[in-house]
Amino acid sequence: MKMKNQEELRELPDKDLKEKLDAEVIELNQLRINHTITPLDNSGLLREKRRNIARIKTELRARELKKDQ
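Just so it is clear, the model here is predicted, and its values are computed rather than measured. (Residues numbered from 1 in each chain as written. Predicted model: local features only at pLDDT ≥ 70, side-chain atom pairs only at ≥ 80, totals over all residues. Heavy atoms only, no water.)

### Quick word on the overall build of the chain
Then step 1. Tallying secondary structure elements over the chain gives three helices and zero strands in all.
Then step 2. Listing each helix as α and each strand as β along the chain from the N terminus yields α-α-α.
Then step 3. The globule rule puts the C-alpha radius of gyration for 69 residues at 11 Å, and the 14 Å found for the chain is more than 25% above it.
Then step 4. In terms of overall dimensions, the chain has C-alpha extents of about 50 × 15 × 15 Å along its principal axes.
Then step 5. Within the chain, the fraction of its 69 residues that count as buried is 23%.
Then step 6. Looking at the chain alone, contacts between residues at least 24 apart form 64% of all its contacts between residues at least 6 apart.
Then step 7. Roughly 5300 Å² of accessible area belongs to the chain as shown, and the carbon and sulfur atoms make up 51% of that amount. (Helix = DSSP H or I, 4+ residues; strand = E, 2+ residues; numbered from the N terminus. Rg over C-alpha atoms; globule rule 2.2 N^0.38 Å. Buried < 20%, exposed > 50% of the residue type's maximum accessible area, 1.4 Å probe, protein only. Contact = heavy atoms within 4.5 Å. Areas by Shrake-Rupley, 256 points an atom, 1.4 Å probe, with all protein chains shown as cover.)

### Thoughts on the nonpolar core
Then step 1. In this structure, Leu-9, Leu-12, Leu-17, Leu-21, Leu-28, Leu-31, Leu-46, Ile-53, Ile-56 and Leu-60 together form the largest nonpolar core, which totals ten residues.
Then step 2. Where this core is concerned, the elements lending two or more residues are helix H2 (14-37) and helix H3 (44-68). (Core = buried A, V, L, I, M, F, W, Y, C linked by side-chain atoms within 4.5 Å.)

### Considerations on the packing of H2 against H3
Then step 1. The N-to-C vectors of H2 and H3 enclose an angle of 155°; their axes lie 9 Å apart at closest approach. On the basis of their axis angle, the class for H2 and H3 is roughly antiparallel. Both H2 and H3 take part in a crossing whose hand is left-handed. Residues Asp-14, Leu-17, Lys-18, Lys-20, Leu-21, Glu-24, Val-25, Glu-27, Leu-28, Leu-31, Arg-32 and His-35 of H2 lie in contact with H3, whose contacting residues are Leu-45, Leu-46, Lys-49, Arg-50, Asn-52, Ile-53, Ile-56, Lys-57, Glu-59, Leu-60, Arg-63 and Lys-67.
Then step 2. Looking at the contact of H2 with H3 residue by residue, the class counts come to ten nonpolar, two polar and twelve charged. (Axes fitted to C-alpha atoms, helices over the stretch in contact; angles between N-to-C directions. Parallel < 35°, antiparallel > 145°, perpendicular 65-115°, else oblique. Left-handed = near helix turned anticlockwise from the far one by under 90°. Nonpolar A, V, L, I, M, F, W, Y, C, P; charged D, E, K, R; others polar.)

### Re the confidence of the model for the chain
Then step 1. Mean pLDDT over the chain stands at 88; residues scoring 70 or higher make up 94%.
Then step 2. In the model of the chain, helix H1 (residues 6-11) stands out as the element of lowest mean pLDDT, 84, in contrast to H2, which has the highest, 93. (pLDDT = per-residue confidence, 0-100.)

In structure tokens:
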């Protein structure tokens, strides 16, 4: 599943972003468990999930800082 780029993340409301973050974290944890048991064919998925999580957290933090100004 390809992640939306940063511009598309900016258009999402806070609630949707937080839900997306929770879903990505759950998927990453599940992938890690599965990868431990049976190595994934494409271990790049783990990297992609981690980066998606970082993108979402970055956007949430930017919004938080914007509110404080």
